[in-house]
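Now for the letters of each chain:
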Amino acid sequence: PLTSRFTTVDTTAPTVTTVSPVDDAIQISNSSTIVASFSEPLANASVDGLIVVKRSGIVVPGTTVQEPANVLTFTADPPLFDNAVYTVAIDGAVDASGNVQGAAKNTNFATTDTVDAVLTITSPSLTAWINDSTPTINVTRSDATSGLNIGSGTVRIDGNPVVVNPAVSTMSYTVPAASPLADGT
């Protein structure tokens, strides 16, 4: 009998399969590490620079270690800042066959947010009198660090909770005709 043995060539580049923190995560501890898992073991001579973390466009210093062979872990040194948004780029991974990662994996996350969101009444005007007991009240909301959790607050008028029409940065409430605002409120 004739026996033949051969090995196929690996032409598949490594890809990032998971990243922690996940993309757009908020309230991440400043002591957290960034962990990237790959589709196969890596064979880079050095893993330095494969995970680049930036805050406001400035590279965050830290170290990257490989353990196990398909996982990289970046630890910032010093720790990450609270109230900050970070971008992560993972690129340059090479497998044992020399295949280079084809596209960078980019993610973002925000650390623990200790700054309150800003609420601003945009209408009716705070400096004008109105003769409408059923006005539409518009409030813009913003939070420069971690964004807004729209479902996390309650809007109250004269101490009573009301249901608002939420949008990403503006909420709107029209006082119903069945329960108009009292004069002078």
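Residues numbered from 1 in each chain as written. Predicted model: local features only at pLDDT ≥ 70, side-chain atom pairs only at ≥ 80, totals over all residues. Heavy atoms only, no water.

**Q** Before we move on, could you go through the pairing of strand β8 (residues 85–90) and cite the residues and values that matter?
**A** Burial of the side chains of β8 is restricted to one face: Tyr86, Val88 and Ile90 are buried, whereas none of Val85, Thr87 and Ala89 on the reverse face is. Here strand β4 (residues 51–55) runs beside β8; their pairing, made up of five bridges, is antiparallel. The residue of β8 that forms the bridge with valine 53 is valine 88. (Buried < 20%, exposed > 50% of the residue type's maximum accessible area, 1.4 Å probe, protein only. Helix = DSSP H or I, 4+ residues; strand = E, 2+ residues; numbered from the N terminus. Pairing = 2+ DSSP bridges.)

**Q** Pulling in residues and values, what's your account of unusual backbone geometry?
**A** Of the consecutive residues glutamate 67 and proline 68, the connecting peptide bond is found in the cis state with omega at -5°. In this fold, proline 68 is placed in the loop between β6 (62–66) and β7 (71–76). Look at asparagine 83: it is not a glycine, yet its phi comes out positive at around 60°. Here asparagine 83 is to be found in the loop between β7 and β8. Assessed through its relative accessible area of 27%, asparagine 83 is described here as partly exposed.

**Q** How would you sum up the nonpolar core? Please name residues and give values.
**A** Ranked by internal contacts, the top residues of the largest apolar core, which has 23 residues, are Ile34, Phe38, Ile51, Val53, Ile90 and Phe109. Looking at this core, the elements with two or more residues in it are β1 (16–20), β2 (25–28), β3 (34–38), β4, β7 and β8. Setting aside anything within four residues of it in sequence, one finds phenylalanine 38 in contact with Pro14, Thr15, Val16, Thr17, Asn70, Leu72, Ile90, Ala93 and Gln101. Counting residues in hydrophobic clusters, the runner-up holds eight residues, among them Val162, Met171, Tyr173 and Leu181. (Core = buried A, V, L, I, M, F, W, Y, C linked by side-chain atoms within 4.5 Å. Contact = heavy atoms within 4.5 Å.)

**Q** A description of the sheet that holds strand β9 (residues 105–111) should follow, citing residues and the corresponding values.
**A** Strand order in this open sheet of five strands is β2-β9-β8-β4-β5, and the pairing throughout is mixed. The outermost strands of the open sheet, each flanked by one partner alone, are β2 and β5 (58–59). Relative to β9, β2 runs parallel, the two sharing two bridges. Note on β9: the bridge partner recorded for alanine 25 is phenylalanine 109.

**Q** Break down the sheet that holds β6 for me, citing the residues and quoting the values.
**A** Through backbone hydrogen bonds, the strands of a sheet pair up, either in parallel or in antiparallel fashion. Spatially, β1-β3-β7-β6 is the arrangement adopted by the four strands of the open sheet, whose pairing is antiparallel. Since the sheet does not close on itself, it has two edges, and those belong to β1 and β6, each with one partner. With direction set aside, neighbouring strand axes in the sheet form an average angle of 15°. Of the strand pairs in this sheet, β1 and β3 are connected by four bridges, and their pairing is antiparallel. Bridging from a neighbouring strand, serine 20 pairs with valine 35 of β3. (Axes fitted to C-alpha atoms, helices over the stretch in contact; angles between N-to-C directions.)

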